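The chain contents come next:
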Amino acid sequence: DAMVIQNPRYQVTQFGKPVTLSCSQTLNHNVMYWYQQKSSQAPKLLFHYYDKDFNNEADTPDNFQSRRPNTSFCFLDIRSPGLGDAAMYLCATSRDPTGREKLFFGSGTQLSVL
Amino acid sequence: QQPVQSPQAVILREGEDAVINCSSSKALYSVHWYRQKHGEAPVFLMILLKGGEQKGHDKISASFNEKKQQSSLYLTASQLSYSGTYFCGTGQGAQKLVFGQGTRLTINP
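Residues numbered from 1 in each chain as written. Chains lettered and ligands numbered in written order. Predicted model: local features only at pLDDT ≥ 70, side-chain atom pairs only at ≥ 80, totals over all residues. Heavy atoms only, no water.

Draft legend 1. Inspection of the packing of aromatic side chains at higher detail. Applying the stated criterion across every chain yields a total of 12 aromatic pairs over all chains. With a centroid separation of 5.4 Å and 70° between ring planes, the pair formed by A:Y35 and B:F99 is classed as edge-to-face. Here A:Y35, found in strand β4 (residues 31-37), pairs with B:F99, found in strand β10 (residues 97-99), and the two come from separate chains. Each member of the pair, A:Y35 as well as B:F99, is classed as buried. Between the aromatic rings of A:F105 and B:Y34, the centroid separation amounts to 5.6 Å while the plane-to-plane angle is 90°, which identifies the pairing as edge-to-face. Of the two residues, A:F105 is situated in strand β10 (residues 104-105) and B:Y34 in strand β4 (residues 30-36); the pairing between them involves two chains. (Phe/Tyr/Trp six-rings, centres within 6.5 Å; stacked < 30°, edge-to-face > 60°. Helix = DSSP H or I, 4+ residues; strand = E, 2+ residues; numbered from the N terminus. Buried < 20%, exposed > 50% of the residue type's maximum accessible area, 1.4 Å probe, protein only.)

Here it is as structure tokens:
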């Protein structure tokens, strides 16, 4: 059974048109992460939540926002997607916020920007 | 600070061994290893927390050196299913896991 679920699997949007990616988890983990992964590159952390506490990486563009309405769901909003935002977006969860517990990844959303 | 992985790419024949290294200039809280196949999410392999620790299952194992600045992943008698990109992720403080640039492993029959 899938434990971290991302929808949709593929998302196509137009340049400048807002888009929202979703992630849900059945693990009841405190920590949820959003990573951006471009082709042949490492996953890059955008931000994460520890419970309701939001932690933004210093180099994450303002164009990227996130919401976590409850433990199970987390959303990534891209306010005005540019061509450079085309990437795989990975949601992950863990029990512990210190990096000492493994990450459970969703299957990702491949975002294309036309 | 992104950990450095080496080599960047490896090509093996089935049954051969490989070693992938992950190093940092600072002591690390933890080291994670993940394998990712093209178009899929990373899959957890193992995590090391203590200096000097060694861990493994089946024919994949890893070590974490005493100073906690380097980890190595060992793939023994490689199988076709081992193909993919291997990432180390290093814990560098509270609430943060940073991934290395990845090592692409290709296993040929």
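Next comes the rest of the write-up.
Draft legend 2. Representation of the state of the cysteines in the model. Residues and elements named next belong to chain A. Using the criterion set out here, one finds two disulfides over all chains in the structure. Paired through a disulfide, C23 and C91 show a sulfur-sulfur distance of 1.9 Å. The disulfide joining C23 to C91 has a torsion of about -70° about its S-S bond and is therefore left-handed. With a gap of 68 residues between them, C23 in strand β3 (residues 19-25) and C91 in strand β9 (residues 87-94) connect regions that are remote in the sequence. One exposure class covers both C23 and C91, and it is buried. (Disulfide = S-S within 2.5 Å.)

Draft legend 3. Spotlight on the sheet that holds strand β7 (residues 64-67) of chain A. Residue and element names in this part refer to chain A. One open sheet accounts for four strands, arranged β1-β3-β8-β7; its pairing is antiparallel. Pairing within the sheet leaves two strands with one partner each, and these edge strands are β1 (4-7) and β7. Adjacent strand axes in the sheet meet at a mean angle of 20° when their direction is disregarded. Note that β7 and strand β8 (residues 73-78) share four bridges and pair antiparallel. Bridge pairing in β8 places S66 opposite L76. (Pairing = 2+ DSSP bridges. Axes fitted to C-alpha atoms, helices over the stretch in contact; angles between N-to-C directions.)

Draft legend 4. Broad picture of unusual backbone geometry. A:N7 connects to A:P8 through a cis peptide bond whose omega is -10°. Position of A:P8 relative to the elements: it lies in the loop between β1 and β2 (10-13). Cis rather than trans, the peptide bond between B:S6 and B:P7 has omega equal to -5°. Within the secondary structure, B:P7 is located in the loop between β1 (4-6) and β2 (9-13). Even without being a glycine, A:S40 presents a positive backbone phi close to 60°. Position of A:S40 relative to the elements: it lies in the loop between β4 and β5 (44-50).

Draft legend 5. Representation of the layout of surface pockets within the structure. Considered as a void within the structure, the largest pocket measures approximately 880 Å³ in volume. Lining of the largest pocket is provided by 37 residues; of these, A:Q37, A:K38, A:Q41, A:A42 and B:F87 occupy positions nearest its centre. Counting residues per element, the ones that place at least two in the lining of the largest pocket are β4, β5 and β9 of chain A together with β9 (84-91), β10 and β11 (103-108) of chain B. Of the residues belonging to the lining of the largest pocket, the class tally is 12 nonpolar, 17 polar and eight charged. The computed volume of the second largest pocket comes to approximately 250 Å³. The wall of the second largest pocket is formed by 14 residues, among which A:F104, A:F105, B:P42, B:V43 and B:F44 lie closest to the centre. When grouped by side-chain class, the residues that make up the lining of the second largest pocket number 10 nonpolar, two polar and two charged. (1 Å grid on protein atoms, 1.4 Å probe; cavity = no way out; pocket = protein on both sides within 12 Å on 5 of 7 lines; lining within 4 Å. Points joined across faces, edges and corners; volume = space filled by probe spheres on them. Nonpolar A, V, L, I, M, F, W, Y, C, P; charged D, E, K, R; others polar.)

Draft legend 6. Here's a closer look at the sheet that holds β1(B). Residues and elements named next belong to chain B. Spatial strand order, β1-β3-β8-β7-β6: five strands in an open sheet with antiparallel pairing. What marks the edges here is a single partner per strand, and that holds for β1 and β6 (54-57). Looking at each pair of strands side by side, their axes are set apart by 15° on average, direction ignored. Looking at chain direction, strand β3 (residues 18-23) and strand β8 (residues 70-75) are connected through six bridges and run antiparallel. The residue bridging A18 from the neighbouring strand is L75, located in β8.

Draft legend 7. Structural detail: the interface of chain A and chain B. Taken residue by residue, the interface counts 24 residues in chain A and 22 residues in chain B. Carbon and sulfur atoms supply 55% of the area buried between chain A and chain B, which totals about 1,800 Å² over both sides. Taken as a group, A:R100, A:K102 and A:F105 account for 27% of the area that chain A buries against chain B, more than any other trio of residues on that side. At the junction of chain A with chain B, the criterion picks out zero salt bridges. Counting across the chain A and chain B interface gives seven residue pairs in polar contact (both at pLDDT 80 or more). At the level of elements, β4, β5 and β9 of chain A are the ones that each hand at least two residues to the side of chain A that touches chain B. The residue makeup of the side of chain A that touches chain B, split by class, is 10 nonpolar, nine polar and five charged. (Contact = heavy atoms within 4.5 Å. Buried area = accessible area lost by both parts, 1.4 Å probe. Salt bridge = Lys/Arg side-chain N within 4 Å of Asp/Glu carboxyl O. Polar contact = N/O pair within 3.5 Å; in protein donor to acceptor, adjacent residues only side chain to side chain.)

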